[in-house]
Amino acid sequence: MAQIVCEDLALGYEGKTVLSHLTFSVEAGDYLCIVGENGSGKTTLMKTLLGLRRPLSGAVRFGDGVKKNEIGYLPQQTAVQRDFPASVREIVLSGCVGRCRTPFYGKKERAVAEEQIERLGLAPLRDRCYRELSGGQQQRVLLARALCATQKLLLLDEPVAGLDPKMTEEMYAIVEELNRRHGITVLMITHDLSAARRYATHVLHIGGEIFFGTREEYLARGKEGDDRD
Amino acid sequence: MTEWLTRLGEYLSYPFVQSALIVGVLIALCSALLGVTLVLRRFSFIGDGLSHTAFGALAVAAVLHLTDRMLLVLPVTVLCAVLLLRTGKNKKTSGDASVAMLSVGAMALGYLLLNLFPASGNVAGDVCSSLFGSTSILTLSRTEVVLCIVLSVLVLAAFVLLYRRLFAVTFDAAFAEASGVNVGLYNLLIAVISAVIIVLAMNLVGSLLVSALLIFPALSAMRVYRSFLGVTVCAGILSVVCTVLGLLASILFDTPVGATVVAADVLAYFVFALIGRLKKN
């Protein structure tokens, strides 16, 4: 069974439908890019996948060992975070907030956080203050935090927004490695169509005409579109 | 110097000075801890708004000749905090506008009531004491002292037990919510705790100066410390030190309590800003 199945989903708020007849599924190890113009409902879809919003109709089902709340989420940075006084270690550890039931983090959570810090090459920055890091380093910290929440599925919301080209490449390389080498399923919301063409195994295009298919199908469709123009 | 110490020793033997110190320390600690979250979440103005609302409630309590004014002021302020949180979600009036409306409205209404139904012959004195605290901390009734201690301990316990989730919600509400933390509940909790602390802190520094007690220790600590735990602990200690020094100085030099405590907080801020700058270089 697939990790996520969305069946005939209709999304919207206050009775206004933004997106309807959305059907797609995500298998373990997929790298799905979700593309679409501003206002096409990407954020609404993401919130629905995270269980923060109820669909107007249809259903989101989780399977293949993935449970609701077991999505590693990388939200877009907020203004609050940019000058937040917290160490890298504190932030990564806060990724365990959903899995820990006691008032304080125990040995197990600390070990998980430490593992993610090592994995993303943050060890030398462990005690540095988040606000003093570069944009790319900050994203790596947030990615490590997301990995504390899950080892199966990452949902990245425009992970390269505001990064310079070099950092952008670095970020894509890290995500690719997590996907290819560690088998972590990646769902990425992005404006960057070239990234979708390069890295994705599947593409979901929303807004206007809905498209869901493999990267090859997406590329072929793009060609057709170009021919028509 | 020795003369001061003898005088201080004499004052410290009075039970009302002792309870003022205990209550002052607890209030200072709670307000500093909460202040860190409020400042980081850009909620400083809510503290300010709630304190003005509390002034209105205090005026009503004075007009009604209540002896334990906190019993009326506390629920009213908590209610306002909850309402403000609700209206924050309502798009018709933005959050900061509704806070401003509520706070000036309550101030005006409070002053009006105090003038229409004067509780004593000295309206100006009453108003001044609720705005700037004057000696309220030294004239607390026994019920108020007990209430202050119990509430402060409850707030402190909540902070320690919920520290982990509080950090997650403060740093990134979206992530915390996706991880299954009930962010709405925590926002409500923060609003209620804010209201409680503001009402308690009004006894110490008066409603106009309450915000200072909330934000100065947090801002000072942020100048020097780089981890959330460091900032939180430093803000708490700094706030307690400033409050004790301010209280003692006000007793010794016969200055207004609230203003002296806040002056100590302001002074500490500049010292910490300087340390922060030196540390950077």
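In this text, all values refer to a predicted model and were calculated from it rather than measured experimentally. (Residues numbered from 1 in each chain as written. Chains lettered and ligands numbered in written order. Predicted model: local features only at pLDDT ≥ 70, side-chain atom pairs only at ≥ 80, totals over all residues. Heavy atoms only, no water.)

Caption draft 1: Layout of the overall build of chain A. Broken down by element type, chain A carries eight helices and nine strands. Expected size for 229 residues packed as a compact globule is a radius of gyration near 17 Å; at 18 Å, chain A falls within 12% of this value. By the burial criterion, 50% of the 229 residues in chain A qualify as buried. Put simply, of all contacts in chain A between residues at least 6 apart along the chain, 68% involve residues at least 24 apart. Element-wise, carbon and sulfur atoms account for 49% of the exposed surface of chain A, whose accessible area totals about 10500 Å². Charged side chains of chain A number 31 positive and 31 negative; the gap between the two group centres comes to 7 Å. (Helix = DSSP H or I, 4+ residues; strand = E, 2+ residues; numbered from the N terminus. Rg over C-alpha atoms; globule rule 2.2 N^0.38 Å. Buried < 20%, exposed > 50% of the residue type's maximum accessible area, 1.4 Å probe, protein only. Contact = heavy atoms within 4.5 Å. Areas by Shrake-Rupley, 256 points an atom, 1.4 Å probe, with all protein chains shown as cover. Lys, Arg positive; Asp, Glu negative; His and termini not counted. Charge placed at Lys NZ, Arg CZ, Asp CG, Glu CD.)

Caption draft 2: Region of interest: the nonpolar core. A:Tyr31, A:Leu143 and B:Ile137 are the most contacted members of the largest nonpolar core, which has 133 residues in total. Per element, the largest residue contribution to this core is 15 residues, and it comes from helix H9 (residues 183-205) of chain B. Excluding residues that lie within four positions of it along the chain, A:Tyr31 makes contacts with A:Tyr172, A:Val175, A:Glu176, A:Asn179, A:Arg180, A:Val186, A:Met188, A:Tyr199, A:Ala200, A:Thr201 and A:His202. Counting 26 residues, the second largest nonpolar core, distinct from the first, contains A:Ile4, A:Leu49, A:Val66 and A:Leu153. (Core = buried A, V, L, I, M, F, W, Y, C linked by side-chain atoms within 4.5 Å.)

Caption draft 3: Broad picture of the layout of surface pockets. Considering only enclosed or pocket space, the second largest pocket measures out at about 570 Å³ in volume. Residue lining of the second largest pocket: 25 residues in total, with A:Glu90, B:Tyr163, B:Arg164, B:Phe228 and B:Leu229 positioned closest to the centre. Elements with a contribution of two residues or more to the lining of the second largest pocket: helix H3 (88-93) of chain A together with helix H2 (15-40), helix H7 (142-171) and helix H11 (228-253) of chain B. Counting residues per element, the lining of the second largest pocket draws most heavily on H7(B), at seven residues. Among the residues forming the lining of the second largest pocket, the class breakdown is 16 nonpolar, five polar and four charged. (1 Å grid on protein atoms, 1.4 Å probe; cavity = no way out; pocket = protein on both sides within 12 Å on 5 of 7 lines; lining within 4 Å. Points joined across faces, edges and corners; volume = space filled by probe spheres on them. Nonpolar A, V, L, I, M, F, W, Y, C, P; charged D, E, K, R; others polar.)

Caption draft 4: Molecular detail of the sheet that holds strand E1 (residues 4-13) of chain A. Residues and elements named next belong to chain A. With antiparallel pairing, the three strands of this open sheet are ordered in space as E2-E1-E4. Looking at strand neighbours, the two that pair on one side only are strand E2 (16-26) and strand E4 (57-62), the edges of this open sheet. Each strand axis lies, on average, 25° off the axis of its neighbour in the sheet, ignoring direction. As paired elements, E1 and E4 share five bridges and run antiparallel to each other. Bridging across to E4, Ile 4 finds its partner in Phe 62. (Pairing = 2+ DSSP bridges. Axes fitted to C-alpha atoms, helices over the stretch in contact; angles between N-to-C directions.)

Caption draft 5: Structural detail: the side chain of B:Thr77. Residue and element names in this part refer to chain B. By the secondary structure assignment, Thr 77 is in helix H4 (residues 70-89). The class of Thr 77 is buried, set by a relative accessible area of 1%. When residues no more than four places from it in sequence are discounted, the contact partners of Thr 77 are Leu 50, Ala 54, Ala 195 and Val 199.

Caption draft 6: How the structure looks around the pattern of salt bridges. Residue and element names in this part refer to chain A. Within the structure shown, the criterion is met by 13 salt bridges over all chains. For Arg 140, the salt bridge is made with Glu 170, and the minimal N-O distance between the two is 3.4 Å. With Arg 140 in helix H5 (residues 135-149) and Glu 170 in helix H6 (residues 165-180), this pair connects stretches of sequence that are 30 residues apart. Overall, Arg 140 belongs to the buried group, its relative accessible area being 14%. Among the salt bridges present, the one from Arg 181 reaches Glu 177, with a minimum N-O distance of 3.5 Å. The class of Arg 181 is exposed, set by a relative accessible area of 62%. Of the residues examined, Glu 177 reaches a relative accessible area of 37% and is grouped as partly exposed. (Salt bridge = Lys/Arg side-chain N within 4 Å of Asp/Glu carboxyl O.)

Caption draft 7: Expanded view of the sheet that holds strand E6 (residues 153-157) of chain A. Residue and element names in this part refer to chain A. Strand order in the open sheet made by the six strands is E5-E6-E7-E3-E8-E9, with mixed pairing throughout. Edge positions in the sheet fall to strand E5 (72-74) and strand E9 (211-214), since each of these pairs with one other strand and no more. Each strand of the sheet is rotated relative to its neighbour by a mean of 15°, with strand direction disregarded. Sheet topology places E5 next to E6; three bridges connect them, and they run parallel. Residue pairing for E6: Gly 72 is matched across the bridge by Leu 154. Where H5 meets the sheet, its contacts fall on E5 and E6, and the angle it forms with E5 comes to roughly 160°. Docked against the sheet, H6 engages strand E3 (31-35), E5, E6 and strand E7 (185-189), running at close to 135° with respect to E3.

Caption draft 8: Examining the interface of chain B and chain A more closely. If you look at the interface, chain B gives 26 residues, while chain A gives 34 residues. Where chain B abuts chain A, roughly 2600 Å² becomes buried across the two surfaces, and 62% of that area is made up of carbon and sulfur atoms. For chain B, the biggest contributors to the area lost against chain A are B:Arg164, B:Phe171 and B:Phe175; these three give 32% of the whole. Measuring nitrogen to oxygen at the nearest pair gives 2.7 Å for the salt bridge that ties B:Asp172 to A:Arg145. Run the count over chain B and chain A and you get 11 residue pairs in polar contact (both at pLDDT 80 or more). Going through the elements one at a time, H7, helix H8 (173-178) and H11 of chain B are the ones with two or more residues in the side of chain B that touches chain A. Of the residues forming the side of chain B that touches chain A, the biggest block, nine residues, is contributed by H7(B). (Buried area = accessible area lost by both parts, 1.4 Å probe. Polar contact = N/O pair within 3.5 Å; in protein donor to acceptor, adjacent residues only side chain to side chain.)

Caption draft 9: Seen up close, the pairing of E6(A). Residue and element names in this part refer to chain A. Of all five residues that make up E6, five are buried, and the element is covered over most of its length. Going residue by residue along E6, you find Leu 153, Leu 155 and Asp 157 tucked away on one face and Leu 154 and Leu 156 tucked away on the opposite face as well. Once the chain exits E6 it traverses H6 before rejoining the sheet at E7, and the crossover so formed is right-handed. (Right-handed = clockwise from strand over helix to strand, strands pointing away.)

Caption draft 10: How the structure looks around helix H6 (residues 123-132) of chain B. Residue and element names in this part refer to chain B. Every buried residue belonging to H6 is among Val 123, Val 127, Ser 130 and Leu 131, and all of these are buried. The arc that holds every buried residue of H6, seen down its axis, measures 100°, which confines them to one face. One or two steps after H6, the chain reaches Gly 133, where phi turns positive at roughly 85°. (Arc of directions from axis to C-beta.)

Caption draft 11: Just the confidence of the model for chain A, in detail. Looking at chain A as a whole, the pLDDT averages 85, with 96% of positions reaching at least 70. Ranking the helices and strands of chain A by mean pLDDT puts H3(A) first, with 94, and helix H8 (residues 215-228) of chain A last, with 70. (pLDDT = per-residue confidence, 0-100.)

Caption draft 12: Geometry of empty space enclosed by the protein. Residue and element names in this part refer to chain B. All told, the structure shown has two cavities of 30 Å³ or more when counted by the stated rule. Lining of the largest cavity is provided by Leu 38, Arg 41, Phe 43, Ile 46, Leu 50, Ala 81, Leu 84, Leu 85, Asn 187, Ile 190, Ala 191 and Ser 194. For the lining of the largest cavity, the elements supplying multiple residues, two or more each, are helix H3 (44-63), H4 and H9. With four residues, the single largest contributor to the lining of the largest cavity is H9.

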